[in-house]
Each structure stands twice: as C-alpha cells, then as structure tokens.
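# Architecture and fold: a report
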Amino acid sequence: ETGVTQTPRHLVMGMTNKKSLKCEQHLGHNAMYWYKQSAKKPLELMFVYNFKEQTENNSVPSRFSPECPNSSHLFLHLHTLQPEDSALYLCASSQAGNNEQFFGPGTRLTVL
Amino acid sequence: LAKTTQPISMDSYEGQEVNITCSHNNIATNDYITWYQQFPSQGPRFIIQGYKTKVTNEVASLFIPADRKSSTLSLPRVSLSDTAVYYCLVGEGTGFQKLVFGTGTRLLVSP
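Since we're looking at a predicted model, the values are computed, not measured.

## A word on the overall build of chain A
Regarding its fold elements, chain A presents 0 helices and 11 strands. Written out in order from the N terminus, the α and β elements of chain A read β-β-β-β-β-β-β-β-β-β-β. The globule rule puts the C-alpha radius of gyration for 112 residues at 13 Å, and the 13 Å found for chain A is close to it. Seen through its C-alpha atoms, chain A measures out along the principal axes to roughly 40 × 25 × 25 Å.

So, in structure tokens, the structure goes:
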C-alpha cells in the first residue's frame, strides 16, 4: 500500500457515458497528478495540481476534466470518450520540494 | 528535461546481481537521477535517487560517474519478484514534478 487509493479499479464504459475516477491520498501531500498508460507505451503525464491549483495540463483533450476539491482528493471526469482512451489511469501524489511521487494502483478503463 | 536511453530488456537469474545502465548525455547541472520500478497493472514505485557518486539504500545502489552522463542501477541478488519494468528519469533539482517516463527496461528474472 502506497497511501494512494483509486476507485474504481476497473471501469467499462460506452462512448456516450459520463463517469468519474477518484483518487485519494492519505500521506498529507500537497501535489497530485493524473497519468495515462496505454498498452506498450510510456506513462504520460496528464495533469498536475499543487495546493489544489492546476499547474500543468499536458495538452489533454477536453473530454478529460480534472477536479481537485482539496489536497487529498483528485477526480478525473470522463465524457464522450473514444476507444483509444482505453488505458490504465494512474494517480500520484508528492510533497512539494520532494520529487518522489507515490502512485496509486490505477484504474483500468475500457471504452467500448 | 534531459532525454534518457536505457536497454529495452534484460534477462537474469535468481541470485545474480543486475546492473541497468541509463544514458543521459544532456543532463543539466541541477538535474537529479531517479529510478522507478513498475509491476504489471500497478503504478510505478520509487526506488532510488542520486546526484553524483554512489547512493545505496535497502533495495538498490545507484552509481553515477563524475561526468553524470550515465547512471547504473544495481540490484543485488535478484529474485523472481524483481521482474518488472525499471525507469530512469532525470529532472531538475528537488521537487521536480513533470516526470517524463521513457519505455524503461523490462527485467525478467528466471529461476
């Protein structure tokens, strides 16, 4: 256990559905991240939040919408996704000034 | 962000020492070198970080030559559970947040 939890662990959705991924960190960190890992590809950073403020949006399509209501919670809202969005979505957290990131177990997303 | 190059895959046997080398020719003065480990369908896990010379923890050692253009992750006496993908990352100073993962090195440990 890394102190970062993600729900759900698996999600299957149609292209017209709206769903949300949730991440929670119990480490007292003040930075949170979303990453995408497609099959046989490197991890791609999607979003970075510092003290609840978004500081990085790595050219992510608008069908992915992040939300960070507080330093412990991070959401990724999904709508009108494409089959190529099927991937492992990983959440991570870190403490400002420390570049060790703690990753959650990920949500395996399948878009039909 | 400095680009890193590592072997795509390596094979080893239980009990052997494994050394994975990473090249980062364009490393900047403020850059640190960090290694992560990832098992299938899990998030990466921090292994070790260093700036120069040698760093050792309970899991691995990291060797960095004086020119810092490469680094070597050393895993002593590997076991089957060390089969994973190992990523070398280079980032600026402390607190760098934009981790850029390459394809990593897929290590397979056999009995």
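So much for the structure itself; the text now carries on.
## Concerning the side chain of B:H24
All names here are of chain B. Within the secondary structure, H24 is located in the loop between β2 (18-23) and β3 (31-38). H24 gets classed as buried once you look at its relative accessible area, which sits at 0%. Reaching out from H24, the side chain makes a polar contact with the side chain of S71 at a distance of 3.0 Å. Here H24 is in contact with K3, T4, I33, R68, K69, S70, S71, C88 and V90, once residues within four sequence places are set aside.

## Examining the interface of chain B and chain A
In this complex, chain B contributes 19 residues to the contact, which on the side of chain A involves 25 residues. Of the roughly 1,600 Å² buried where chain B meets chain A, counting both sides, 49% is carbon and sulfur surface. Of all residues in chain B, B:Q97, B:K98 and B:F101 give up the largest surface area on contact with chain A, accounting jointly for 33% of the area buried on that side. Linking chain B to chain A there are 0 salt bridges. The set of elements that each furnish at least two residues to the side of chain B that touches chain A consists of β3 and β4 (45-50) of chain B.

## Re unusual backbone geometry
Note on backbone geometry: most residues besides glycine have negative phi, and most peptide bonds are trans. With an omega dihedral of -10°, the bond running from A:T7 to A:P8 counts as a cis peptide bond. Structurally, A:P8 is set in the loop between β1 (4-7) and β2 (10-13). We note that B:S41 has phi near 60°; this positive angle belongs to a residue other than glycine. Its location among the elements puts B:S41 in the loop between β3 and β4. The phi dihedral of B:R77 falls on the positive side, at around 45°, and the residue is not glycine. Here B:R77 shows up in the loop between β7 (70-75) and β8 (84-92).

## Digging into the sheet that holds strand β5 (residues 53-56) of chain B
Residues and elements named next belong to chain B. Taken together, the 4 strands give an open sheet; going across it, the order is β2-β7-β6-β5, and neighbouring strands pair in antiparallel fashion. Single-partner strands in this sheet number two, and they are β2 and β5. Each neighbouring strand pair of the sheet contributes to a mean axis angle of 15°, computed without reference to strand direction. For β5 and strand β6 (residues 61-64), the ladder comprises 4 bridges, and the chain directions are antiparallel. Among the inter-strand pairings, V55 is bridged to a residue of β6, identified as L62.

## Notes on the packing of aromatic side chains
Residues and elements named next belong to chain B. Applying the stated criterion across every chain yields a total of 10 aromatic pairs over all chains. Taken together, a centroid distance of 5.1 Å and an interplanar angle of 90° make the contact between Y87 and F101 edge-to-face. With a gap of 14 residues between them, Y87 in strand β8 and F101 in the loop between β8 and β9 (105-110) connect regions that are remote in the sequence. Overall, the relative accessible area of 3% leaves Y87 in the buried class.

Thresholds applied
Residues numbered from 1 in each chain as written. Chains lettered and ligands numbered in written order. Predicted model: local features only at pLDDT ≥ 70, side-chain atom pairs only at ≥ 80, totals over all residues. Heavy atoms only, no water. Helix = DSSP H or I, 4+ residues; strand = E, 2+ residues; numbered from the N terminus. Rg over C-alpha atoms; globule rule 2.2 N^0.38 Å. Buried < 20%, exposed > 50% of the residue type's maximum accessible area, 1.4 Å probe, protein only. Polar contact = N/O pair within 3.5 Å; in protein donor to acceptor, adjacent residues only side chain to side chain. Contact = heavy atoms within 4.5 Å. Buried area = accessible area lost by both parts, 1.4 Å probe. Salt bridge = Lys/Arg side-chain N within 4 Å of Asp/Glu carboxyl O. Pairing = 2+ DSSP bridges. Axes fitted to C-alpha atoms, helices over the stretch in contact; angles between N-to-C directions. Phe/Tyr/Trp six-rings, centres within 6.5 Å; stacked < 30°, edge-to-face > 60°.

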